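Residue-level structural notes
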Amino acid sequence: MFVKNAWYCAGWQSDLSSAKDALVSRRIAGESVLIYRKLNGDVVALDDRCCHRQAPLSLGRKEGDDIRCMYHGWKFNPEGKCIEIPGQAEVRQNACVPSYPAVVKNDWIWIWMGDPEKAEESLICESIGPSHPDWDMNPRHIRVNTNYRQEIANLTDLTHVAWVHMDTFGGTTKYPEIKGKLSMLDRGIHNDMWVHSVPAPSFAKHLFPDDALFDLHFDVTVTIPCNFILHFRVFTAGTNTAGPSNGELILDTFSSQAVTPRDADSVDYYYSWSTRKGTAHPGLIQLLIEANEDAFLEDKMFLEGQYQRMKDKPDYKMVDYAHDAGPGRMFWLLDKLLKDEAEAAA
Amino acid sequence: MFVKNAWYCAGWQSDLSSAKDALVSRRIAGESVLIYRKLNGDVVALDDRCCHRQAPLSLGRKEGDDIRCMYHGWKFNPEGKCIEIPGQAEVRQNACVPSYPAVVKNDWIWIWMGDPEKAEESLICESIGPSHPDWDMNPRHIRVNTNYRQEIANLTDLTHVAWVHMDTFGGTTKYPEIKGKLSMLDRGIHNDMWVHSVPAPSFAKHLFPDDALFDLHFDVTVTIPCNFILHFRVFTAGTNTAGPSNGELILDTFSSQAVTPRDADSVDYYYSWSTRKGTAHPGLIQLLIEANEDAFLEDKMFLEGQYQRMKDKPDYKMVDYAHDAGPGRMFWLLDKLLKDEAEAAA
Amino acid sequence: MFVKNAWYCAGWQSDLSSAKDALVSRRIAGESVLIYRKLNGDVVALDDRCCHRQAPLSLGRKEGDDIRCMYHGWKFNPEGKCIEIPGQAEVRQNACVPSYPAVVKNDWIWIWMGDPEKAEESLICESIGPSHPDWDMNPRHIRVNTNYRQEIANLTDLTHVAWVHMDTFGGTTKYPEIKGKLSMLDRGIHNDMWVHSVPAPSFAKHLFPDDALFDLHFDVTVTIPCNFILHFRVFTAGTNTAGPSNGELILDTFSSQAVTPRDADSVDYYYSWSTRKGTAHPGLIQLLIEANEDAFLEDKMFLEGQYQRMKDKPDYKMVDYAHDAGPGRMFWLLDKLLKDEAEAAA
């Protein structure tokens, strides 16, 4: 179900400082994970379960860099080794909890759920976070009750923008004419897509003349498990009908979206959408953020409705079409990684 | 569990016009069904699931007589055939969704869940709907969390009126003396029942002298899956102690009740109770409607309590008694139809 | 899962008089039980399920010492025998519902869930109830969503007071030094424990000088299924460092706690904590009751968090330590009784 050897986003780093007692409990790929900071700022991620009686360590207490389970007082260091058992002199070797490699990159917390030996930081996806000086960005979170495969399919067929997001990011039914250069990455896909001569997105339509037309550019990288990194630019419609626009750049945006499976039926979705400072119409960033929030609720409605149907008939044969190339490649990659891990484990 | 070749009530036809975007999604006998009207008023019923990615079509958009899935824009005609796939010139044969025969009769919407070839309209139960000129009627709906077999058993042993509905329709413990002429129909049972010399029902007791006595007549038809059609009349108590009353008709009512199984554990219950115009005491129709609403909540409380117990001990051996003849015959019929369909499918 | 031949607490006897229609429905060890009083005050406990159509008898009506099912009017005597079936002259032998031995002892209602022949009242645990003249006591109830084994483990390792109840009953981390004389009983364990020279419990700390020290004595009896009877006394710290204190008794309390499994995942917890009249600081009983309520919510938080983890990984291997002797013995006893009953049934 879940690739183990992958970095999973555990939220915005600001979640850690604002949490009660600075302890955060996350459900990631079927595991409960406790996350906190050491005194030097490093992030610690441990199995959120005391090895004694399975009480959540997230109900515990930080003591320096360590965490004390507040059920019977067992104390663990950041590596997950038990270093004190009140009422018992000896602490045996087997008293420990799994720890996970954890780092912060571009304001996101990342947890490696597999073999620590393989946790290379270079595998963390590139993105832009709210502390980046060049972009205006609001970090957000939403929970969607679906399997993460459906999020992958949603994000790798952008023609849905025309229909699902008709009243927010859409505004044209020309999205199905979108032309992309799709390429495979080691752990994902990259797509470079243009839509030419379309009206402004619905959320910004009132800022332009009725007959104004634009060229839209999407530079998308999607990586395992389900990170969607988008550079989206709007140009005034040029005379080019294919490939790069020769119009004028009027809107430069970046969206960082990380979808983390909680369990089979639920994902945590950490997202943002930003405009490059100084390039946008005044007030556009606020319109963009509001449209973004509405759009994610539109997705949620469709994805949860879809998932109810899917669970209802697990053997239903779906009909594919041309724009399923993106979803298809991501599923091919995901299934390959899952198979590799299953074989390595066996 | 569910007979396929049967008409299932999908609600009052007024539900269609008042629905958002005039699209209604119903759960019927384990299937999700989209219902809407064509421009000529005909009712369309389709599997509420796009064949592409299983998004609910009820989140879609009516376009003339057609329905467009608003996930990726696939468009279906009223027969369920896909007639447009944005971004792909060809629409293959397998791009279609199941459609169900659907008609309106006496203000109820009826869906045939089985083989369309066998969908004879004559199999729809006779009833009286709110648009009938001779009756005052309020259409109602309630959901009950039980299996529909328990609704069948409830409706075919009316002695429960004495106890469950003591404070509404009851008012006498003579119901167990009820005498009926029970006969089998092709797809149901008919019962002609009299109770003699009883006080007025609790809800109308204050309209009559304390010692007033009445003869009650029930003409009941129950058909598959669980339609309960009742002509209920009240006479002043005559001297006849069996069979038709020779008293004076003082109240003439009709109740149309259709119970549609949603899934194994839940039913939608569409009901009404009416008085014949001009025959009733002033204000009696309102008393009747209020008593009716209370009575259905009384049933709901018992049926849901009962069903919790049943699920708790699936193998519990129940003890039958004399008045289980009605339930027994309906179950015999239901099981025969289920067996016939299972054999035909095998 | 549940020992049948045991007395299970069904709540405080005051629950019976304050209940609607004086009928109480309880879930006990996987069974639904109806409880009511006869006219002479004796307690009746019957399967809360009519043998006809499984409607809850607790939706019924008391008639003298009998109970009438209000679905179809069947009437049962306190032994569970059906004595009237409206509409049918004969009442057959098999029309009956199981009855359970039931008694009130020390203000708790007790139900024997197994073979009535073996229901000896001497097996009911000793306790002190709110009507005892020597103690000030408030009866309470809480529901905890865990398996009762986790309650057993919680109550038989009191070192958790130091951590879970740090802000209420705790106030020292010396609990892990607690020394006890643990002995096995036929159906439980007894423990006589001292903690010496510790500060006052957190909830009462402000009543004493900052450097005041105390000796604490716990006399605990835990019996099957999960009754925790505690005599807890506080002495000014004496010079004895082991065994009985030679300080002055300043607080004499008694706590009666009965944990009744409802199903695998839930327990009803009936508890109280009292001070001996005339011995306590003015106002202390109120502080004690408030601390007690807070402490039970602290336990609930840990137990429910723990149980979520346990259900998540049923095969997780837990690590034991020195203070698991109490839990271990109770589990040994419980498993032995379960095995004996399984063998006797086979």
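Residues numbered from 1 in each chain as written. Chains lettered and ligands numbered in written order. Predicted model: local features only at pLDDT ≥ 70, side-chain atom pairs only at ≥ 80, totals over all residues. Heavy atoms only, no water.

Regarding the sheet that holds strand 11 (residues 108-112) of chain A
Residue and element names in this part refer to chain A. This is how it is decided: Any two strands are treated as partners once DSSP identifies two or more bridges connecting them. Secondary structure counts use DSSP, requiring at least four H or I residues in a row for a helix and at least two E residues in a row for a strand, with both numbered from the N terminus. In this analysis an axis means a line fitted to C-alpha atoms, helices contributing only their contacting stretch, and an angle means the value between N-to-C directions, from 0 to 180 degrees.
Strands sit in the order 1-11-10 across an open sheet of 3 strands; the sheet is antiparallel. The open sheet has two edge strands with one neighbour each: strand 1 (7-12) and strand 10 (102-105). Each strand of the sheet is rotated relative to its neighbour by a mean of 30°, with strand direction disregarded. As paired elements, strand 1 and strand 11 share 4 bridges and run antiparallel to each other.

Let's talk about the pairing of strand 15 (residues 188-198) of chain C
All names here are of chain C. Where we set the bar: Each residue is assigned to one of three classes by its accessible area relative to the maximum for its type, calculated with a 1.4 Å probe on protein chains only: buried under 20%, partly exposed between the two thresholds, exposed over 50%.
A large share of strand 15 lies buried, amounting to 10 of its 11 residues. Judged from the 7 bridges that link them, strand 14 (residues 179-185) and strand 15 form a sheet pairing that is antiparallel. Among the inter-strand pairings, Ser 183 is bridged to a residue of strand 15, identified as His 190. Connecting strand 14 to the next strand, strand 15, in antiparallel fashion are 2 residues. With 9 bridges joining them, strand 15 and strand 16 (residues 214-223) adopt antiparallel strand pairing. When the sheet's bridge partners are listed, Gly 188 is paired in strand 16 with Thr 223.

Re the interface of chain C and chain A
The line we're drawing: For this analysis, residues touch if any pair of their heavy atoms sits within 4.5 Å. Put simply, buried area is how much 1.4 Å-probe accessible surface two parts lose in total, over both of them, once they are put together. One speaks of a salt bridge when a side-chain nitrogen belonging to Lys or Arg is within 4 Å of a carboxyl oxygen belonging to Asp or Glu.
Each partner contributes to the interface: chain C provides 26 residues, whereas chain A provides 30 residues. Between chain C and chain A, roughly 2,700 Å² of surface is buried when both sides are summed, and carbon and sulfur atoms account for 54% of that area. When the area that chain C buries against chain A is broken down by residue, the three leading residues are Trp 163, Arg 309 and Val 319 of chain C, summing to 30%. Taken together, the connections running from chain C to chain A amount to 6 salt bridges.

As for the environment of Ala 258 of chain B
All names here are of chain B. Mapped onto the elements of the fold, Ala 258 is located in strand 18 (residues 249-263). Through-space distance from the C-alpha of Ala 258 to that of Ile 109 is 11 Å; in sequence the pair is 149 residues apart. Residues contacting Ala 258, with those up to four places away along its chain left out, are Cys 9, Trp 108, Trp 110, Cys 226, Asn 227, Asp 268, Tyr 269 and Tyr 270.

Quick notes on the packing of helix 2 (residues 148-155) of chain B against helix 5 (residues 325-345) of chain B
All names here are of chain B. Test applied: Helix crossings fall into two classes, left-handed where the near helix is turned counterclockwise from the far one by less than a right angle and right-handed where it is turned clockwise. Ten residues, namely Ala, Val, Leu, Ile, Met, Phe, Trp, Tyr, Cys and Pro, are considered nonpolar, four, namely Asp, Glu, Lys and Arg, are considered charged, and the remaining ones, Gly among them, are considered polar.
At a closest axis distance of 8 Å, the pairing of helix 2 and helix 5 adopts a crossing angle of 145°. Like other packed secondary-structure pairs, helix 2 and helix 5 cross with a definite hand, here right-handed. Residue-level inspection shows Tyr 148, Arg 149, Ile 152 and Ala 153 of helix 2 in contact with helix 5, the latter providing Pro 327, Met 330, Phe 331, Leu 334, Asp 335 and Leu 338. When the residues that make up the contact of helix 2 with helix 5 are grouped by side-chain class, the tally is 8 nonpolar, no polar and 2 charged.

Description of helix 5 (residues 325-345) of chain A
Because the α-helix completes a turn every 3.6 residues, residues three or four places apart line up on one side. Residues and elements named next belong to chain A. Rules: By this rule, a helix spans an expected 1.5 Å times one less than how many residues it contains. To obtain the arc, one takes the directions from the helix axis to the C-beta atoms.
Helix length check: helix 5 (21 residues) gives 30 Å between terminal C-alpha atoms against 30 Å at 1.5 Å per residue, within 8%. Taken as a whole, helix 5 has its buried residues at Gly 326, Pro 327, Met 330, Phe 331, Leu 333, Leu 334, Leu 337, Leu 338 and Glu 341. One side of helix 5 carries all its buried residues, which in axial view fall inside an arc of 165°. More than 90 degrees from the buried face of helix 5, the exposed residues found are Trp 332 and Lys 339. Elements that come into contact with the buried residues of helix 5 comprise helix 2 (148-155), strand 14 (179-185), strand 15 (188-198) and strand 16 (214-223).

Re the environment of Glu 84 of chain C
All names here are of chain C. Of note, Glu 84 is situated in strand 8 (residues 82-84). Its relative accessible area of 29% is what places Glu 84 among the partly exposed residues. In this structure, the C-alpha to C-alpha distance between Glu 84 and Gly 73, residues 11 residues apart in sequence, is 8.1 Å. In contact with Glu 84, not counting residues within four places along its chain, are Arg 68, Gly 73, Trp 74, Lys 75 and Val 91.

Describing the relation of the copies chain B and chain A
Formally: Our superposition of the copies is a least-squares fit, built on the C-alpha atoms of residues whose pLDDT is at least 70 in both.
When chain B is fitted to chain A, the best match, at an RMSD of 0.1 Å, comes from turning it 120° and sliding it 0.2 Å along the axis. Read as a symmetry element, the transformation amounts to a three-fold axis.

Overview of the interface of chain B and chain A
Put simply, the rule reads: Identification of polar contacts relies on pairs of N or O atoms within 3.5 Å, with a donor-acceptor requirement for protein atoms, meaning one able to donate a hydrogen and the other able to accept it, and with residues adjacent in sequence counted only if both atoms are side-chain atoms.
Counting residues at the interface gives 30 residues for chain B, matched by 26 residues for chain A. Between chain B and chain A, roughly 2,600 Å² of surface is buried when both sides are summed, and carbon and sulfur atoms account for 54% of that area. Of all residues in chain B, Arg 53, Gln 54 and Tyr 71 of chain B give up the largest surface area on contact with chain A, accounting jointly for 29% of the area buried on that side. Applying the counting criterion to the chain B and chain A interface returns 6 salt bridges. Note that Asp 320 of chain A is salt-bridged to Arg 53 of chain B, the shortest N-O span being 2.8 Å. At the boundary of chain B with chain A, the tally comes to 16 residue pairs in polar contact (both at pLDDT 80 or more). Taken together, the elements giving at least two residues each to the side of chain B that touches chain A come down to strand 2 (24-28) and strand 3 (31-37) of chain B. The residue inventory of the side of chain B that touches chain A, partitioned by class, reads 11 nonpolar, 11 polar and 8 charged.

A few points about unusual backbone geometry
Residue and element names in this part refer to chain A. Note the cis peptide between Ile 224 and Pro 225, where omega equals 0°. If you trace the backbone, Pro 225 turns up in the loop between strand 16 and strand 17 (227-236). A positive phi angle, close to 70°, is found at Gln 54, a residue other than glycine. Tracing the backbone shows Gln 54 in the loop between strand 4 (43-47) and strand 5 (61-63).

Some details on the pattern of salt bridges
Scanning all chains against the criterion turns up 72 salt bridges over all chains. We note a salt bridge from Asp 263 of chain A to Arg 27 of chain A, for which the minimum N-O separation is 3.1 Å. Separated by 236 residues along the polypeptide, Asp 263 of chain A in strand 18 (residues 249-263) and Arg 27 of chain A in strand 2 (residues 24-28) bring together distant segments of the chain. Residues participating in the shared-partner salt-bridge network are Arg 27, Asp 47, Arg 49 and Asp 263 of chain A together with Asp 312 of chain C.

Thoughts on the confidence of the model for chain A
In plain terms, the rule: For every residue, the predictor states its confidence as a pLDDT score lying anywhere from 0 to 100.
Of all residues in chain A, 99% attain a pLDDT of 70 or more, and the chain-wide mean is 95. The ipTM value of the predicted complex is 0.95, and its pTM value is 0.94.

Observations regarding the sheet that holds strand 6 (residues 66-68) of chain B
Residues and elements named next belong to chain B. Judged by pairing direction, the sheet is antiparallel, and its 4 strands sit side by side in the order 5-6-7-8 without closing on themselves. Strands at the two margins of the open sheet, each flanked by one partner only, are strand 5 (61-63) and strand 8 (82-84). Summarising the sheet, strand 7 (residues 75-76) and strand 8 pair through 2 bridges and their orientation is antiparallel. Bridged to Phe 76 within strand 8 is Cys 82.

Details of the side chain of Asn 147 of chain B
All names here are of chain B. Following the sequence through the fold, Asn 147 ends up in the loop between strand 13 (140-144) and helix 2. Here Asn 147 falls in the buried class, since its relative accessible area comes to 9%. Setting aside residues up to four positions removed in sequence, Asn 147 forms contacts with Met 1, Ala 264, Asp 265, Val 267 and Tyr 307.

Digging into the packing of aromatic side chains
Quick reminder of the rule: When two rings of Phe, Tyr or Trp (its six-membered ring) have centres within 6.5 Å they constitute a pair, described as stacked for plane angles under 30 degrees, edge-to-face for angles over 60, and tilted for the intermediate range. The criterion is that NZ of a Lys, or CZ of an Arg, lies within 6 Å of the ring centre and within 35 degrees of the ring normal, and then a charge sits over that ring.
One pass over the full model with this rule turns up 50 aromatic pairs over all chains. With a centroid separation of 3.8 Å and an interplanar angle of 5°, the aromatic rings of Tyr 271 of chain B and Phe 296 of chain B are classed as stacked. Pair noted here: Tyr 271 of chain B is in strand 19 (residues 266-276) and Phe 296 of chain B is in helix 4 (residues 284-312), with a separation of 25 residues, a long-range link. Here Tyr 271 of chain B matches Phe 296 of chain B in class, with each residue buried. Three or more aromatic residues joined by ring pairs make a cluster, and in this case those are Phe 169, Tyr 175, Phe 203, Phe 218, Phe 232 and Trp 273 of chain B. The positively charged end of Arg 49 of chain B is found above the aromatic ring belonging to Tyr 316 of chain A, 5.1 Å away from the centroid. Cation over ring: Arg 149 of chain C sits above Phe 331 of chain C, and NZ or CZ is 5.4 Å from the ring centre.

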